[in-house]
Amino acid sequence: MLQDKFEHLKMIQQEEIRKLEEEKKQLEGEIIDFYKMKAASEALQTQLSTDTKKDKHLTIWTRQQMLLSKFSKEESEVK
């Protein structure tokens, strides 16, 4: 009887450990995904910052010419 109770408690403990290990793996996966997303976000912010700095040096006329050129290119691709 005492041995049965011990085996039962041992089984319950093993099941709890298994569940905790599964949760740990899931959380580790989420952490990895978070850091990947964070790195991608930081890279995008760096690129946008760089583009903004470059854009400040362009004149209004140059920006207008670039937009017109892009618009013309897209319009010709639609046809």
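Conventions and cut-offs
- Residues numbered from 1 in each chain as written.
- Predicted model: local features only at pLDDT ≥ 70, side-chain atom pairs only at ≥ 80, totals over all residues.
- Heavy atoms only, no water.
- Patch = residues over 30% accessible without salt bridge, like charges linked within 9 Å, V, L, I, M, F, W, Y side chains within 5 Å.
- Areas by Shrake-Rupley, 256 points an atom, 1.4 Å probe, with all protein chains shown as cover.
- Salt bridge = Lys/Arg side-chain N within 4 Å of Asp/Glu carboxyl O.
- Buried < 20%, exposed > 50% of the residue type's maximum accessible area, 1.4 Å probe, protein only.
- Helix = DSSP H or I, 4+ residues; strand = E, 2+ residues; numbered from the N terminus.

Q: Please set out a nonpolar patch on the surface residue by residue, giving values where relevant.
A: Taken together, the side chains of Ile31, Phe34, Tyr35 and Met37 make up a nonpolar region of the molecular surface, amounting to roughly 460 Å² of accessible area. What makes Ile31 partly exposed here is its relative accessible area of 45%.

Q: Quick rundown of the pattern of salt bridges? Include the residues and the values.
A: On inspection of all chains with the given rule, the structure shows two salt bridges. For Arg18, the salt bridge is made with Glu15, and the minimal N-O distance between the two is 2.3 Å. A residue pair is termed a helical-turn pair when its members lie 3 or 4 positions apart in one helix, as Arg18 and Glu15 do in helix α1 (residues 2-56) at three residues. Residue classification places Arg18 among the partly exposed residues on the basis of a relative accessible area of 36%. Counted as one network, the salt bridges with shared partners bring together Glu15, Arg18 and Glu22.

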